[in-house]
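# Coordinate inspection notes
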Amino acid sequence: MKRLVPVSAALLALMLLAGGAGWTAAAASEPASEPAAPPSLVDHTVVGIHNAYDSARFPYLLDALESGAGMIELDVWQNFLGSRRYIVGHDAFPHNNCESASRYEQLRRQRRSQSLQSCLDDIRLWHLHSPDHAPLVIKLEMKNGFDNRGGFGPDEFDRLLVQRLGRPAIFAPADLLAGRYPDADAAARAGAWPSWEALRGRIIIVLQRGTFESSNPLDRYHTELEYADHLDALARAGRVGEAMMFPTVLGNVQAGDPRTGPHGGARKPWYVSFDSDAVNWLAVDTSFYLTGHYLVTMTAAHAVAPAIPALTPAVEQAAARVGLLAKAGASVVSSDWTSPAVLGLSSERGQP
């Protein structure tokens, strides 16, 4: 119901004389407020699957894709020890639920433990079969990083994604910039992310360094540093449209901007994705990430005290956890949960 503004008797008489019998008291009321804008991709909190390639939890990758999850995670090894292959698995050999298929009808019928190319083909077949699917974030943990000298660098990986998924399916950094912003950070802070609904049928790819790379004393040029440099170089050359992924700052959660040191300088404007354990996010003020409209992934959601089951929580338990983390600023709440009833949960970020 509209709240009427008090009007003096004299002013009311003048209004009636000026407007005639058509004037009503509603004309003196406050204008109706604008409808709330629909939540953007980063402000619509979804549930993600840690290690979605694990056949012990999802017999086929298609099962994870059709579960209703808003994010799936794949672990990728590139040219490990000169193998000349892209491998998906927790360890440096193919052990996954991906199939080698050329048609959707072949899925759930083929041999598993295939290459990354086959995993991407499975995603493409699912995407073509369900072109109006909800936005899907694919998180790539690059286990051993890039190998640019061996032909497994950021540019080759970008081309692989386009070849296997198709450019129209991917929401890439250039789509966020939309020709109006100089870099990803400027676009994010301006609220340029499309709405969650507008991104139906699109795939957003974020990448981060892997555990092997992080512990490798011979590798200090980590995945997110190399890809940010790749983005910066492409942008300077007027070719940012060739980049297909958003690099992620992993860990280093703090109340202010964590893009300092090696993540600062020319690399800083290309980081709009941040990822860490949920317990770390809850320990700091996340206002910086909320006001900057950044994509925030909170992992191991089940481990937040009081801990809930890592695989099969009750829907009520998971819903309460998703709501808690959404309020804290999560765009993606990630765990090892498997139930479609849980994986399909969502919330509006920043809301109680």
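## Here's the deal with the environment of Thr297
Along the chain, the position of Thr297 falls in strand β8 (residues 295-299). Beyond its immediate stretch of four places on either side in the chain, Thr297 contacts Met71, Lys139, Phe274, Asp275, Ser276, Trp281 and Val332.

## Structural notes on helix α11 (residues 315-328)
The end-to-end C-alpha distance of α11, which contains 14 residues, comes to 20 Å, matching closely the 20 Å that a straight helix rising 1.5 Å per residue would cover. In the core, the buried residues of α11 are packed alongside β1 (44-49), α9 (278-281), β8, β9 (332-335), α12 (340-343) and β10 (346-348). Immediately beyond the C-terminal end of α11, within one or two residues, lies Gly329, with a positive phi of roughly 120°.

## A word on the confidence of the model for the chain
In the predicted model, the chain carries a mean pLDDT of 91, and 90% of its residues have values of at least 70. Low confidence marks residues 1-30, where pLDDT is under 50. Its contacts with residues over four positions away, or in another chain, come to 16 contacts.

## A closer look at the pairing of β8
Taken across its 5 residues, β8 has 5 buried, putting it largely inside the fold. Alternating residues of β8 divide into Leu295, Thr297 and Thr299 and Val296 and Met298, and every residue in both groups is buried. Inspection of the sheet shows strand β7 (residues 273-277) paired to β8 by 5 bridges, in the parallel sense. Each bridged residue has a counterpart across the sheet, and for Asp277 the counterpart in β8 is Thr299. Examined bridge by bridge, β8 and β9 share 2 bridges and lie parallel to one another.

The rules behind these values
Residues numbered from 1 in each chain as written. Predicted model: local features only at pLDDT ≥ 70, side-chain atom pairs only at ≥ 80, totals over all residues. Heavy atoms only, no water. Helix = DSSP H or I, 4+ residues; strand = E, 2+ residues; numbered from the N terminus. Contact = heavy atoms within 4.5 Å. Expected span 1.5 Å × (residues − 1). pLDDT = per-residue confidence, 0-100. Buried < 20%, exposed > 50% of the residue type's maximum accessible area, 1.4 Å probe, protein only. Pairing = 2+ DSSP bridges.

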